[in-house]
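Chain by chain, the residues:
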Amino acid sequence: MNALLEWVSLRHLARDGLRSVLTVLGVALGVAVFVSIRLANHAALGSFGQSVDAVAGRANVQVAGDTDGFDERLFRVVRDTPGVVAAAPIVETRARARAGGAARVENGAERRGYPETVVVLGVDVFSEAPFARAGGAGPGLAAALELLRERATAVPARYAQRLGLAVGDSLTLLSEGRAVTLRIARVLPAGVLDQAWDGAVVVVDLATAQEHFHHLGRLDRVECLVREGDEPRVTAALARRLPAGLRVEPPAARSRQVGNMVRAFSLNLAALSLIALFVSTFLIFHAVSMAVVHRRAEIALGRALGVTRGATLLQFLIEGLLLGGVGALLGLGLGTAFARLTLGAVARTLTDLYLVQAASVLPRDPASYGIGFAIGVASALAAALLPALDAARTPPVTELREGGRIEVRRLPLRAWGVGGAATLVAALGAAVLARAASVPVAGFASAFLVLVGFTLLAPGWTALVSRLAVPAFGRALGIEAALGARALGETPARTGVLVAALMVAVGMVVALAVMVGSFRVTVDTWVRQTIRGDLYVDLAGHRVNHSAVAMPPEFVARVRALPGVAAVDSYRGTRVTLDDRPAFVAGVDFAVQRDHGHLALVHGDARQRLGRALATGGVLVSESFARHHHSSDGGTLVLPTPSGMARLPIAGVFYDYSTDAGAVFMDLAQYAKWWRDPRTESLALYLAPGADAANVRRQVLAAAGPDLMIDATPNRVLRERVLSVFDQTFQITWGLEVIAVLVAVLGVIGALTARVLERRREIGVLRGIGALSAQVRRIVLVEAGLIGFAGAALGCVAGFALALLLIEVINRMYFGWTIRMHVDPWVFARTLALVVVTALIAGWGPADAAARRPAALAMREE
Amino acid sequence: MSAALRVERLVKWYPGAGAPVHAVDDMTFEVEAGTCVALMGRSGSGKSTLLHLIAGVDRPTSGRIEVAGRDLATLDDDALTRLRRTSVGLVYQFFHLMPTLSARENVALPLLLGGRARREALARADARLAEVGLEGRRDARPHTLSGGEMQRVALARALIHEPHLVLADEPTGNLDSRAAQQVLRLLRDLGARHGAAVVLVTHSAEAAAIATRVLEMRDGRIVADHAAPAVPDATDGAPAAFEGAPAIAPAAPRVP
């Protein structure tokens with residue numbers, strides 16, 4: 001067997017250098033995409049967990065409030081609960097920062113002026129000793145008495161090094177629209193805190209955090225040290241003693257909740273990343289099938305000389321394994337490089353959509369590499385199995401007659417067609433099950449069945465395209481076009497594999513184009529309907545924080561009194577945890593919404609529903625919230641609040657595409673009552689008819705005064721911002737699809753090169769009996785173009801089916817979004833043209849090689 | 001009679017491990033229209049190389065080849081291809097039919113590649129297939145034909161455009177003796193009937209027997225030039241020795 005491998009397999013793989021390289025590259029790309037997305041997902045979320053662990057230190061139980069935290073007087077209650085060995089109060093918030101002194105920015109320019117996003121960690125240095133936080137080998141924050149000085153801070157060594165900061169330097173943060181300049185009092189030694197948020201942690205004394213970062217009298221968490229094994233009892237005791245809105249949980253619960261929130265996003269990316277790998281298995285199948293066909297006589301000879309069926313099977317399986325294994329190994333390296341590229345985009349999306357700050361450094365993740373390699377190798381083995389079995393069935397005496405390269409066993413195209421149709425029916429069944437019985441995983445199963453169904457239809461479809469094209473092309477383009485078209489149908493099984501590979505890649509591109517196009521039209525319509533305020537006002541830096549930030553009441557009053565302002569809607573929001581996943585609760589002015597806003601409701605009239613909510617103290621919930629938390633129009637929502645459990649009637653369900661985390665809207669007065677918080681986070685201004693928006697905006701900016709930095713955003717800019725976040729979210733998706741198409745194109749190049757080699761005698765004979773080199777080139781090009789057309793056309797149909805599935809089932813189940821189908825015929829025409837042109841370009845090299853091949857050389861092959 | 005093929009001082013050598021290998025070494029000969037010349041010699045004597053040079057699919061190192069009065073050295077690749085379309089017919093040992101085409105499509109292919117209308121090309125293909133006794137198998141694919149049938153289809157293809165010159169490279173090398181005899185007779189008779197010169201590469205004395213003249217080759221040189229030996233079996237008067245083959249018209253010119 002060793003000799004067989006060394007003498008036969010390896011030499012063949014080496015001799016077919018270009019094709020072997022293309023196949024290996026295809027597998028490498030497939031594995032790379034899978035690994036990179038997994039690494040990026042894990043890095044983004046894993047780093048969140050790691051950061052939580054790093055900040056938590058040795059704490060094993062924590063008491064946490066929602067966005068606004070809780071009354072600091074509860075600290076004593078926690079500390080004095082029996083079983084709590086030690087307790088440390090914590091304030092944790094986010095802010096934009098810059099090295100050096102203050103700089104004035106407004107209108108969304110804070111990213112330029114304050115380029116860093118940092119986590120501000122307020123600690124009580126006297127409570128720190130038992131927690132060994134940021135200690136490294138030293139005493140940690142426990143001995144950081146210098147933090148007690150006014151506006152003093154400590155930063156991790158890694159962060160100080162990155163920003164070039166040293167003790168005594170200044171670091172300025174944006175807090176509630178004002179600049180707060182801190183002085184570096186200590187650079188923390190390299191240690192665990194370096195791993196939290198890439199080291200972008202600014203540690204201040206608790207009092208500093210409370211005073212300068214909008215937490216007067218409030219805490220975000222109390223971390224506790226509880227004896228091992230005692231956690232359940234202490235957790236229960238704490239829960240009994242504390243108000244309803246607080247959570248008592250292990251620190252890791254936060255990572256789990258975030259993981260639950262972004263699960264759909266991660267799962268979708270992971271599913272998409274498998275597509276390129278799926279396409280690459282077709283390449284392995286094709287490569288091993290070609291090897292079997294080319295070497296049929298050799299296999300027969302081997303069998304005659306005593307090679308067993310088992311050894312033949314093993315030989316071809318190992319060839320597939322070699323291609324897959326080398327490709328997978330290469331893919332691991334390539335995947336790491338891709339991950340570095342995609343991580344930024346994944347992290348940005350998590351921040352934009354879910355307000356989760358994710359780090360952008362790749363951690364060591366051997367499991368992802370292991371799984372990527374295993375999937376690459378397993379798919380290669382699976383792809384090689386059928387052709388290897390075919391090879392093993394070769395009888396010891398195989399006559400290679402003229403035309404012997406036509407597949408000896410004719411593919412039962414009709415049976416395959418019936419199988420394909422049956423699979424598509426099963427896909428429909430799975431989709432119906434997913435939607436009717438709320439079985440989300442059935443949605444992905446249905447998508448997989450769609451791809452399998454169309455794959456089974458591919459050989460028959462290829463034969464049909466060939467049959468239809470031969471007379472049509474013959475009449476319109478001459479004999480060489482007819483010969484090219486006929487070559488397509490010569491080997492429907494092997495050509496069908498290529499067509500299937502293209503179909504899968506194109507199908508996903510079309511599906512995504514239709515889904516994203518529909519989604520974008522839906523979001524655009526929603527944005528136009530919903531964002532009706534003329535001017536949106538918030539504090540600079542608010543967007544990274546989104547929490548607990550409050551506008552000075554005098555500023556709000558001045559804005560309300562400005563001439564030209566007809567109505568002001570004010571907003572106050574918080575993040576809550578429900579059913580072990582975060583959701584957003586916001587207070588808005590229902591009366592202003594009713595009279596000026598245009599909230600888009602799933603059912604019913606917004607004016608009437610808002611009026612009813614105002615009258616009954618009801619809430620409106622977003623579509624995603626309703627789906628995730630099984631709430632329905634007319635039902636009751638039970639919400640934990642700082643004032644106890646609130647039972648609120650649901651007066652309506654509204655469309656919301658800003659996040660799938662889910663949102664609850666209630667009237668400001670309700671919010672102020674339950675959250676005991678009448679403050680204002682941001683404003684939407686409705687102008688009086690005829691008022692000059694630019695003038696009002698100038699007045700709003702002037703009303704802020706010299707110290708308060710605000711953003712006053714016209715609704716057009718806000719709409720554009722929403723759409724740009726939307727577009728950015730799908731950037732990775734497109735990247736994944738481009739790679740899947742690239743893998744398919746590699747397959748076409750490899751396959752055409754193989755086919756030209758396979759038909760070298762035939763080409764020589766054609767040249768001998770009078771075919772010009774240009775005619776030979778056209779024959780191969782027509783074949784390439786038709787493979788592209790057959791794949792793309794089938795892909796368009798499959799893509800439409802997948803788009804329906806994505807829109808009507810998968811998005812609805814996983815994200816809770818209603819997307820209105822919007823089909824742009826240009827998507828299909830463009831994709832078809834693009835793939836045919838790409839296939840022609842891919843076919844040019846092999847076609848030219850065929851045309852240039854000396855006729856004598858070809859004829860000498862016999 | 002005019003020369004359908006003229007070869008003058010033809011040389012073809014290939015770079016070897018040490019000295020160059022002379023596949024064709026200073027050959028000169030002519031073949032008249034309507035005659036059949038057999039090129040005989042052992043394997044490696046340069047027969048096939050000479051055939052490729054005459055067909056214009058390979059270029060000589062030096063010397064001159066004229067086919068139907070055209071000097072091949074003056075023709076570029078496309079012009080050589082066009083010359084083959086109009087003036088040269090090729091028959092190979094392994095038949096080399098297009099596996100995806102039917103018998104009549106294979107025969108019509110040279111005309112179709114030359115831009116002839118499909119209807120006309122197929123009509124002429126049918127006529128040629130009838131001449132080789134295969135009118136009943138015109139829609140058959142190559143892999144369903146016997147070796148002899150495949151070579152008869154190849155012969156019909158070589159003759160469809162009524163070439164000045166037919167080059168046959170070991171046309172019976174892959175056939176049993178009965179089929180070989182049928183093909184040889186057809187090659188001789190149809191070549192003569194269409195006025196084509198036939199150059200037959202073979203190492204079989206039986207095959208060479210149908211020729212007017214035999215050129216014996218060794219190491220790329222002509223070492224003997226003589227008339228063909230006596231035909232070992234009685235072929236005259238038995239042109240339709242196989243079932244379904246048509247009788248060659250009595251008026252057709254015969255090889256003396």
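For clarity, every value in this text was computed on a predicted model and none was experimentally measured.

A. Here's a closer look at the sheet that holds strand β3 (residues 36–40) of chain B. Residues and elements named next belong to chain B. Spatially, β6-β7-β8-β3-β9-β10 is the arrangement adopted by the six strands of the open sheet, whose pairing is mixed. Strands with a single pairing partner mark the edges of an open sheet, and in this sheet they are β6 (88–91) and β10 (221–227). Shown here is a sheet whose adjacent strand axes are inclined to one another by a mean of 20 degrees, direction ignored. In terms of strand pairing, strand β7 (residues 165–169) meets strand β8 (residues 197–202) through five bridges, oriented parallel. Bridging from a neighbouring strand, Asp-169 pairs with Val-201 of β8. Across the sheet, helix α5 (residues 147–159) touches β6 and β7, and the angle it forms with β6 is around 170 degrees.

B. Structural view of the environment of Val-664 of chain A. By the secondary structure assignment, Val-664 of chain A is in strand β18 (residues 663–667). Separated by 589 residues in the primary sequence, Val-664 of chain A and Phe-75 of chain A place their C-alpha atoms 29 Å from one another.

C. Focus on the pairing of β3 of chain B. Among the five residues that make up β3 of chain B, five are buried, leaving the element largely enclosed by the rest of the structure. Of the two faces of β3 of chain B, the one lined by Cys-36, Ala-38 and Met-40 of chain B and the one lined by Val-37 and Leu-39 of chain B are each fully buried.

D. Main features of the confidence of the model for chain B. Residues and elements named next belong to chain B. Here chain B averages 82 in pLDDT, while 88% of its residues score no lower than 70. Long-range and interchain partners of residues 232–256, a stretch whose pLDDT sits below 50, account for 32 contacts in this model, where long-range means more than four residues apart. For this predicted complex, the interface confidence score (ipTM) comes to 0.79, while the overall pTM stands at 0.74.

E. A look at the interface of chain B and chain A. Listed per partner, the contact involves 30 residues of chain B and 26 residues of chain A. Mapped by element, the contributors of at least two residues to the side of chain B that touches chain A are α1 (47–55), α2 (77–87), α3 (103–113) and α5 of chain B. It is α2 of chain B that provides the largest number of residues to the side of chain B that touches chain A, a total of five residues. Among the residues forming the side of chain B that touches chain A, the class breakdown is 15 nonpolar, seven polar and eight charged.

F. Structural context of the nonpolar core. Ala-505 of chain A together with Val-199 of chain B are the most contacted members of the largest nonpolar core, which totals 237 residues. It is helix α27 (residues 773–814) of chain A that provides the largest number of residues to this core, a total of 24 residues. Non-local contacts of Ala-505 of chain A, meaning those with residues more than four positions away in its chain, are made with Val-279, Ala-740, Val-741, Val-743, Ala-744 and Gly-795 of chain A.

Rules used throughout
- Residues numbered from 1 in each chain as written.
- Chains lettered and ligands numbered in written order.
- Predicted model: local features only at pLDDT ≥ 70, side-chain atom pairs only at ≥ 80, totals over all residues.
- Pairing = 2+ DSSP bridges.
- Helix = DSSP H or I, 4+ residues; strand = E, 2+ residues; numbered from the N terminus.
- Axes fitted to C-alpha atoms, helices over the stretch in contact; angles between N-to-C directions.
- Contact = placed C-beta atoms within 7 Å.
- Buried ≥ 20, exposed ≤ 12 C-beta atoms within 10 Å, placed from the backbone.
- pLDDT = per-residue confidence, 0-100.
- Nonpolar A, V, L, I, M, F, W, Y, C, P; charged D, E, K, R; others polar.
- Core = buried A, V, L, I, M, F, W, Y, C linked by C-beta atoms within 7 Å.

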